[in-house]
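Secondary and tertiary structure notes
Residue strings, one per chain:
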Amino acid sequence: MANTPPAKASKLVHCTKCGLPETYETIEFDTKGVCNVCRQQEFKQERIDWTGRKKMLDEMIEEYRGKYEYDCIVPFSGGKDSTFTLYHLMTEYKVKPLVVQFNHGFMRPTLLENNERTFKQLGVDVISFTPNWKVVKRVMKEALARKGDFCWHCHTGIFSYPMHLAIKYNTPLVIWGEPSTEYVSYYDYRDDAIEEVDESRFNRYVTLGITAQDMKGMIAADTSFDPRDFAPYTYPALRDLKRLRYRSVCLGSFIPWDARRQAELIMDKLGWKGDEVEGMPPDLYPYEKIECAMQGMRDYIKYLKRGYGRVTQMTALDIRNGRLEKEKADQLIAEYEGKKPPSLELFLEYLEMDEAEFNATVSKTVVAPHKPDFGSNAVAPKTHDFNRWYREKK
Ligand SMILES: [Zn+2]
């Protein structure tokens with residue numbers, strides 16, 4: 001079963017340089033058929049004044065140092081980017097941060113071990129918050145049906161919860177990891193503006209157009225959750241944030257972001273470990289998206305909706321950075337992309353649906369001109385920790 005080829009993708013227009021397809025969010029092609037993400041990367045490498053950017057960061061950190069309960073808040077998933085961000089801020093700037101972790105409900109064993117090691121090695125205060133699982137499951141199902149994206153609770157929680165703690169702990173400076181400009185073009189390196197991780201970004205980029213208030217209304221008919229259950233997904237009131245005079249920025253706006261080099265650094269300095277991820281080439285990207293047991297599902301749904309998955313996305317990044325030939329990328333995509341992840345079984349169990357209902361739900365959110373093939377039965381191999389992932393049924 002595992003050796004059957006994955007479902008054949010429909011014919012889409014692809015970037016002539018990196019291979020991203022026309023169904024990629026925010027993509028545009030120029031007259032040479034090169035995408036805007038590629039053009040933006042050329043600009044990042046050649047034209048940004050990184051010395052000036054670093055000076056801005058130096059000054060910002062000094063402005064907030066020692067004046068509040070913490071020097072800054074570092075939102076932390078435990079993945080390579082937030083781990084590097086925390087490491088960099090503590091070693092280069094000697095800040096005293098508050099680490100804030102929003103637990104989406106699917107943290108994997110290796111990640112939890114990494115977290116413990118990182119926190120202990122660096123010596124840091126941590127607050128980890130886990131929202132109500134019954135609410136999480138129900139809003140996952142609603143977001144899947146409405147947008148074909150079940151990660152609403154995770155995205156909104158990750159971006160709003162640390163802001164609530166910034167207010168609670170009177171700590172105005174919040175420092176995130178990679179800027180969104182690395183992957184999409186909602187914000188542009190060429191504008192030379194620093195991306196603020198604020199409410200307008202939250203609404204444009206994070207919520208899928210569904211506020212917590214909307215979500216509460218959408219599921220009100222068949223649930224009786226307490227209105228307070230939606231607080232972790234609600235962005236704090238602007239007046240409270242303004243009173244705090246907050247800044248919420250990405251470290252990657254001030255130093256050139258290099259995910260692979262940074263992953264190697266934290267492996268070396270902190271003993272951070274990579275992991276295999278469902279549907280990905282096992283040895284090529286062991287540092288990417290190891291945080292979530294549902295990552296394979298997220299990638300699979302993207303493949304059904306848009307005709308590409310994360311192999312395409314990662315190889316495009318490597319091609320852009322001159323680390324991979326297009327031909328090799330095409331081989332990897334053909335071999336790995338679009339197979340059913342073993343986590344599909346757990347996902348259906350959590351959301352109380354069968355596969356036919358799942359397929360019907362996803363088919364309503366497909367991005368034209370892609371046409372998914374639900375008939376393929378190619379299955380990706382189970383990861384080593386699959387049997388330790390949470391099951392509803394014992
Ligand atoms: Zn491109």
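Now for a quick tour of the structure. Keep in mind that this is a model prediction, so the values were computed, not measured.

As a further point, take the side chain of D81. Along the chain, D81 turns up in helix 3 (residues 80-92). Residue classification places D81 among the buried residues on the basis of a relative accessible area of 13%. Leave out the neighbours within four places in its chain, and D81 touches E178, W257 and Q262.

Now for the packing of helix 12 (residues 310-320) against helix 13 (residues 326-336). As a packed pair, helix 12 and helix 13 sit with axes 9 Å apart at the nearest point and diverge in direction by 170°. Relative to helix 13, the element helix 12 lies roughly antiparallel. Contacts between helix 12 and helix 13 involve V311, T312, T315 and I319 on the former and, on the latter, K326, A329, L332, I333 and Y336. Along the lines of polarity and charge, the residues of the contact of helix 12 with helix 13 split into six nonpolar, two polar and one charged.

Taken together, C15 (SG), C18 (SG), C35 (SG) and C38 (SG) make up the protein donors of the zinc ion, found 2.3 to 2.4 Å from the metal. Every donor counted, the four donor atoms about the zinc ion form angles of 100 to 114° at the centre, which fits tetrahedral coordination. Between the donor residues of the zinc ion, the gaps in sequence give the motif C-x2-C-x16-C-x2-C. Of the two residues, C15 sits in the segment before helix 1 (36-47) while C35 sits in the segment before helix 1, which places them 20 residues apart along the sequence. Pair check on accessibility: C15 and C35 agree, each one buried.

Turning our attention to the pairing of strand 1 (residues 72-75). Side chains of strand 1 alternate between two faces, with C72 and V74 and I73 and P75 buried alike. Bridge analysis of strand 1 against strand 2 (residues 97-102) gives four bridges, and the strand direction is parallel. Across the sheet, the residue bridging to P75 is V100, located in strand 2. Where the polypeptide runs from strand 1 across helix 3 and back to strand 2, its parallel neighbour, the crossover connection is right-handed.

Moving on, we get to the packing of aromatic side chains. Under the counting rule described, the total for this entry stands at 21 aromatic pairs. Aromatic pair Y24 and Y308: ring centres 5.6 Å apart, planes at 45°, arrangement tilted. Of the two residues, Y24 is situated in the segment before helix 1 and Y308 in the loop between helix 11 (295-306) and helix 12; the sequence distance between them amounts to 284 residues. Residue classification places Y308 among the buried residues on the basis of a relative accessible area of 2%. Arranged with centres 5.4 Å apart and planes meeting at 45°, the rings of W152 and Y233 form a pair that is tilted. Linking W152 in helix 6 (residues 152-168) with Y233 in the loop between helix 8 (212-218) and helix 9 (238-244), this pair joins segments that are 81 residues apart in sequence. You'll find W152 and Y233 in the same group, each marked buried. We note R53 situated over the ring of W50; from NZ or CZ to the ring centre the distance is 5.9 Å.

This part covers helix 6. Across its 17 residues, helix 6 extends 24 Å between first and last C-alpha, which sits within 8% of the 24 Å expected from 1.5 Å per residue. Remark: the principal bend of helix 6, roughly 30°, maps to I158, with a proline, P162, within the next four residues. Listed in full, the buried residues belonging to helix 6 are W152, H153, C154, T156, G157, F159, S160, Y161, P162, M163, L165 and A166. Backbone geometry just after helix 6 places N170 at a positive phi near 45°.

Conventions we followed
- Residues numbered from 1 in each chain as written.
- Predicted model: local features only at pLDDT ≥ 70, side-chain atom pairs only at ≥ 80, totals over all residues.
- Heavy atoms only, no water.
- Helix = DSSP H or I, 4+ residues; strand = E, 2+ residues; numbered from the N terminus.
- Buried < 20%, exposed > 50% of the residue type's maximum accessible area, 1.4 Å probe, protein only.
- Contact = heavy atoms within 4.5 Å.
- Axes fitted to C-alpha atoms, helices over the stretch in contact; angles between N-to-C directions.
- Parallel < 35°, antiparallel > 145°, perpendicular 65-115°, else oblique.
- Nonpolar A, V, L, I, M, F, W, Y, C, P; charged D, E, K, R; others polar.
- Donors = N, O, S within 2.8 Å, 3.2 Å for Na, K, Ca; no water.
- Tetrahedral: all angles 85-135°; square planar, octahedral: opposite > 155°, others 65-115°.
- Pairing = 2+ DSSP bridges.
- Right-handed = clockwise from strand over helix to strand, strands pointing away.
- Phe/Tyr/Trp six-rings, centres within 6.5 Å; stacked < 30°, edge-to-face > 60°.
- Lys NZ or Arg CZ within 6 Å of the ring centre and 35° of its normal.
- Expected span 1.5 Å × (residues − 1).
- Bend = angle between axes of the 7 residues up to and from the residue.

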